[in-house]
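The primary structure of each chain is shown beneath.
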Amino acid sequence: MHKFITGIIFLFTALSLSAQTPSKPDPDELSGEYGRYRANNDLIYYHLDIRVDPDKKHIGGKTTIRFKMLSDDNRIQLELTQALKVDKIVMGAAELKYQRDKRAVFVDFPSMLKAGKTYDIDFFYSGNPPETGRFGGITFKKDPAGRHWVNTACEGPGASVWWPNKDQWRDEVESMRISVAVPNNLTDVSNGKFAGKTDLGDGYTRWDWDVHYPINNYNVSLNIGAYQHFSDKYGDLPLDYYVLPENVEKAKKQFSQAPGMHKAFEHYFGEYPFKKDGYKLIEAPYSGMEHQSAVTYGNRWANGYLERDWTGVGISTKFDFIIIHESGHEWFGNAVSAADTSDMWIHEGWTTYLECLYVEFHYGKADGLKYTNAYKSKVQNKLPIIAQRGVDATPPQDQYFKGALFLNTLRSVIDDDKKWFSLIRGFYQKHKYRNIMTEDMVAYFNRESGRNLTPVFDQYLRHPALPVLELKFDTPGSVSYRWQANEKAFNMPVKVGSSGSWQTIQPTGEWQTMKTGLSKDQFEVATDLYYIEVKKNN
Ligand SMILES: [Zn+2]
């Protein structure tokens, strides 16, 4: 997702906001904590079956929720915004009692549900959902030609701003059906594979979509508009494109970048993870969002980001930022997902790093490095990348840029590209279709590299400050060096001396000395390979 941006003014607003508030715990702990009535069950399947009336800005219908009980209990916790009405919740013929507390809906069962058994309930709801969050949550807009255009983008506020579900990150359904009835002249494009449309005979047509993979709630999306469809193929992967009729020619040109995106990410990580659902790009009235197998696009049919050179070094203008970034999330964010919002850098830091790999793949290693390091200008180093766990916290923007710069640093720590690429591919393959935490990543990299990288991960992710390499030139012919870092065991190797003939040293918190024929001014540190601060003292 790109939460931070819609033009330069919004960027500054977002930056200043993020400096003040991002780690603030959500006072509504019900939405952050994975409490008893969430942990007692495991989601299996949703069928979201709704009707959308764009004239009345009204939505209504039901979610069928299939779940397996993990312990005996007679209550579960679901969510729906208070702005929408619960019509009824039923299990078979029996109407269930429920209690609302903020957006939580506690559903009570007349008898004990049994561990290991699977149950289905139907949660009926209706109302006029208000716009909320940066991209609106759900918006009822008109396209430039005055036709209805209804879209959802709800990662920030949570999917329960427009449909009832178990609104958290840890637990995903294994598959899903999305059925959306819309006025006959409009098309709904949702996630998954198109499963047909049915004329309901009352001026509405129902569009059915089948999702064959686990999916985050916030990825579930509606795109209702006067869409025109065209398609392409990448190997045997269908590429389906839905845009407003006026933009078909522009889209044909711009979306021709999608195969090159697939080629790069497939090269590094393996094939597109949602093959049975196909890959879609869908025009939307906001910049873009990584909705699984249904990536939305609003980047003005131009390279760069909203017609700007996003990283400012002449490379961003070579490709469409939204196509590359949002599609990169199919690998990181959608296939490999974080289990708590605190660790959202698994989505954003990795996907920003995927941009850097895209540049390396298509334009070479030097441009990849240049693009990566250009992100330094956007880093603040004011708050840790990993936010407080279990409180629905939003990590600061450093999760994007510093996250990517950290992964580039880790590559230099591994210092063997063949090994690095095998490590990141293995990491992706082992964790795809799973919800993980940073600890899982650290354990994987420690195990597979045979090294203790924990202090390096912790310094970059759990502290705001960069590690500082202190250099002392007080004796001719030698230099003393040590790390200044919050992690006492921080001992990251680093390349120093002169570029072209780097020498790798392994500083610790204690002073060490090495011989050098270089003067204080001549002595360099490979700061494009390691994101660190350097202090040279006499
Ligand atoms: Zn993103």
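Calculation rules
- Residues numbered from 1 in each chain as written.
- Predicted model: local features only at pLDDT ≥ 70, side-chain atom pairs only at ≥ 80, totals over all residues.
- Heavy atoms only, no water.
- Pairing = 2+ DSSP bridges.
- Helix = DSSP H or I, 4+ residues; strand = E, 2+ residues; numbered from the N terminus.
- Axes fitted to C-alpha atoms, helices over the stretch in contact; angles between N-to-C directions.
- Phe/Tyr/Trp six-rings, centres within 6.5 Å; stacked < 30°, edge-to-face > 60°.
- Buried < 20%, exposed > 50% of the residue type's maximum accessible area, 1.4 Å probe, protein only.

(A) Seen up close, the sheet that holds strand S6 (residues 97-101). With antiparallel pairing, three strands are arranged side by side in an open sheet as S3-S7-S6. The open sheet terminates on both sides in strands that have one partner only, identified here as strand S3 (73-79) and S6. When the angles between neighbouring strand axes are averaged without regard to direction, this sheet yields 25 degrees. Here S6 runs beside strand S7 (residues 104-113); their pairing, made up of five bridges, is antiparallel. Residue Gln 99 lies in a different strand from S7, and its bridge partner there is Phe 106.

(B) Local environment of the sheet that holds strand S26 (residues 503-505). With antiparallel pairing, the three strands of this open sheet are ordered in space as S26-S25-S28. Only two strands of the sheet have a single partner each, and these edge strands are S26 and strand S28 (524-525). Both strand S25 (residues 494-497) and S26 contribute to a ladder of three bridges, which runs antiparallel. Following the sheet pairing, Val 496 is matched in S26 by Gln 503.

(C) A look at the packing of aromatic side chains. This structure, assessed with the given rule, holds 53 aromatic pairs. Centroid distance Phe 230 to Tyr 241: 5.2 Å. Interplanar angle 55 degrees. Geometry classified as tilted. In this pair, Phe 230 sits in strand S16 (residues 228-234) while Tyr 241 sits in strand S17 (residues 237-243), placing the two residues eleven residues apart along the sequence. When its relative accessible area of 2% is taken as the criterion, Tyr 241 is described as buried.

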